[in-house]
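# Remarks on the overall topology
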Amino acid sequence: MAEILDGLKVSKEIKAEIKAEVEKILESKRRAPHLVAILVGNNGASKAYVNSKVKDCEEVGFRSTLLKFPSTVSESELLEKIDELNKSKAVDGFIVQLPLPDQIDQEKIIKAIDPRKDVDGFHPENFGKMALEMDTFLPATPFGILTLLERYNIETKGKDCVIIGRSKIVGRPMSILMGRKDFPGNSTVTLTHSYTKDIEEYTKKADIVITALGDPHFLKGEMIKDGAVIVDVGITRVDDDSPKGYYLAGDVDFDSCAAKASWITPVPGGVGPMTRAMLMKNTIIAYKTSVYND
Ligand SMILES: Nc1nc(=O)c2c([nH]1)NC[C@@H]1CN(c3ccc(C(=O)N[C@@H](CCC(=O)O)C(=O)O)cc3)C=[N+]21
């Protein structure tokens, strides 16, 4: 029976550490770190995530600003706002919540963000630095997974790690980070995706499986080996008869996988809260490295 990689618990520890740092900053009469979030449109999940980021900021003592735009906003309007945030001495970091509506070129928006304020770590310059093992902002979800593995002292060196899903914000960066020459890393990484002939052939042999495909209960116990470490990034709203009208489903079939795994993350309470904590971490890093806060 697997032990739980408790992301909620570790995220609270990390937020408490950040809060203590903020208190020291304030004692020395400096301003608090400031995170800005841009939300475009009315997507329910996006709104919920952005609101939780604002709440996290309050919790750790950051200043936060939520900027809302209608789904009809033009690309140039967004670019103008980004330019303003790039220049603002009062803003340490900002994020543009994804996905964006179709009329907006996501790549263009991400490239417009000053890499020094790119606390999501999505800018190509930061992605490149990540791949080159240089100091930079790591994307929050992969950073959260690494931190969770680190805090539970999960050995990754020399392990076979299989990642399912090659998204730009999770699977692809995760595949790079797990193969880097630092801890947690040094794994032998296989990045599987929709064109992989037989995913099970890989997952069955893997010491570590990281699922990030968004397909509820995809990974079944019979697809993993005894003692594997299972990290579930998937989080899909599935309609049901509960008062909320939905429940949150991971990519992992929890019960059958937990019966065989050594460690497993739950959904909710696993990778999600870690993602949020690492955004706070990146924001305080942005604050500390900002040329305006010496
Ligand atoms: N620019 C940008 N940056 C992001 O980091 C980003 C994004 N866009 N777009 C969407 C994804 C998704 N994402 C999550 C964050 C927190 C939870 C989270 O806290 N989940 C809770 C449950 C939350 C709930 O109850 O709905 C949990 O797993 O326990 C999940 C998913 C960040 N993303």
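Residues numbered from 1 in each chain as written. Predicted model: local features only at pLDDT ≥ 70, side-chain atom pairs only at ≥ 80, totals over all residues. Heavy atoms only, no water.

An unreviewed UniProt entry annotates the protein chain as Bifunctional protein FolD of Chryseobacterium flavum. Per UniProt, the protein chain has the following entry under Pathway (unreviewed entry): "One-carbon metabolism; tetrahydrofolate interconversion." In its Sequence similarities (unreviewed entry) section, the UniProt record describing the protein chain reads: "Belongs to the tetrahydrofolate dehydrogenase/cyclohydrolase family." (UniProt positions renumbered as here; feature names shortened; annotations may be inferred.)

So, on to the environment of alanine 212. By the secondary structure assignment, alanine 212 is in the loop between strand S7 (208–211) and strand S8 (229–232). As for alanine 212 and serine 256, which are separated by 44 residues in sequence, their C-alpha atoms are 18 Å apart. If near-sequence neighbours (up to four positions away) are discounted, alanine 212 is found in contact with Ile164, Gly165, Val170, Val233 and Asp251. (Helix = DSSP H or I, 4+ residues; strand = E, 2+ residues; numbered from the N terminus. Contact = heavy atoms within 4.5 Å.)

With that settled, the discussion passes to the nonpolar core. Membership of the largest hydrophobic core comes to 48 residues, with the highest contact counts inside it found for Ile210 and Val231. Residues from two domains meet in this core; each of domain 1 (29–114) and domain 2 (140–272) gives at least three. In this structure valine 231 touches Leu5, Ile145, Leu149, Val209, Ile210, Thr211, Thr265 and Val271, once residues within four positions along its chain are discounted. The next biggest cluster of nonpolar side chains, apart from the first, holds 19 residues, and it includes Val36, Ile82, Leu100 and Phe122. (Core = buried A, V, L, I, M, F, W, Y, C linked by side-chain atoms within 4.5 Å. Buried < 20%, exposed > 50% of the residue type's maximum accessible area, 1.4 Å probe, protein only. Domains from an automatic or database assignment.)

Here the focus is the domain arrangement of the protein chain. We note that the domain assignment places domain 1 (29–114) and domain 2 (140–272) within the protein chain. Computed over C-alpha atoms, the centres of domain 1 and domain 2 are 28 Å apart.

This part takes up the confidence of the model for the protein chain. Considering every residue of the protein chain, the mean pLDDT works out to 97; 99% of them sit at 70 or more. Predicted as a complex, the structure gets a pTM of 0.96 and an ipTM equal to 0.93. (pLDDT = per-residue confidence, 0-100.)

A separate point is the side chain of asparagine 86. Relative to the assigned elements, asparagine 86 resides in helix H3 (residues 75–87). At 2.8 Å, the side chain of asparagine 86 and the backbone oxygen of alanine 112 are in polar contact. Setting aside residues up to four positions removed in sequence, asparagine 86 forms contacts with Phe94, Ala112, Ile113, Asp114 and Lys117. (Polar contact = N/O pair within 3.5 Å; in protein donor to acceptor, adjacent residues only side chain to side chain.)

Turning our eyes to something else, we now look at the pattern of salt bridges. Applying the stated rule across the entire model yields 13 salt bridges. Taking the shortest distance from any N to any O, the salt bridge between aspartate 92 and arginine 31 comes out at 2.9 Å. Within this pair, whereas aspartate 92 is found in the loop between H3 and strand S4 (93–96), its partner arginine 31 is found in the loop between helix H1 (7–27) and strand S2 (34–40), the two being separated by 61 residues in sequence. Aspartate 92 gets classed as buried once you look at its relative accessible area, which sits at 2%. Residue classification places arginine 31 among the partly exposed positions, given a relative accessible area of 28%. The salt bridge involving arginine 276 is made with aspartate 56; its shortest N-O contact spans 2.8 Å. One end of the pair, arginine 276, is in helix H10 (residues 271–289); the other, aspartate 56, is in helix H2 (residues 44–60), with 220 residues separating them in the sequence. Arginine 276 sits in the partly exposed class, given a relative accessible area of 24%. Salt bridges linked by common partners bring Lys15, Asp56, Glu59 and Arg276 together as one network. (Salt bridge = Lys/Arg side-chain N within 4 Å of Asp/Glu carboxyl O.)

The next subject is the UniProt feature "binding site: NADP(+)" (unreviewed entry) in the protein chain. In the numbering adopted here, UniProt assigns the feature "binding site: NADP(+)" (unreviewed entry) to Gly165, Arg166, Ser167 and Ile235. Structurally, serine 167 is set in the loop between strand S5 (160–164) and helix H7 (171–178). Residue classification places serine 167 among the partly exposed residues on the basis of a relative accessible area of 30%. Contacts of serine 167, omitting those with residues within four sequence positions, involve Arg172 and Pro173. Within the structure, the side chain of serine 167 is placed 3.0 Å from the backbone nitrogen of valine 170, a separation counted as a polar contact. With respect to the secondary-structure elements, isoleucine 235 resides in the loop between S8 and strand S9 (236–239). A relative accessible area of 40% places isoleucine 235 in the partly exposed class. Every residue in contact with isoleucine 235, bar those within four places of it in the chain, is listed here: Tyr49, Leu248, Ala249 and Val267.

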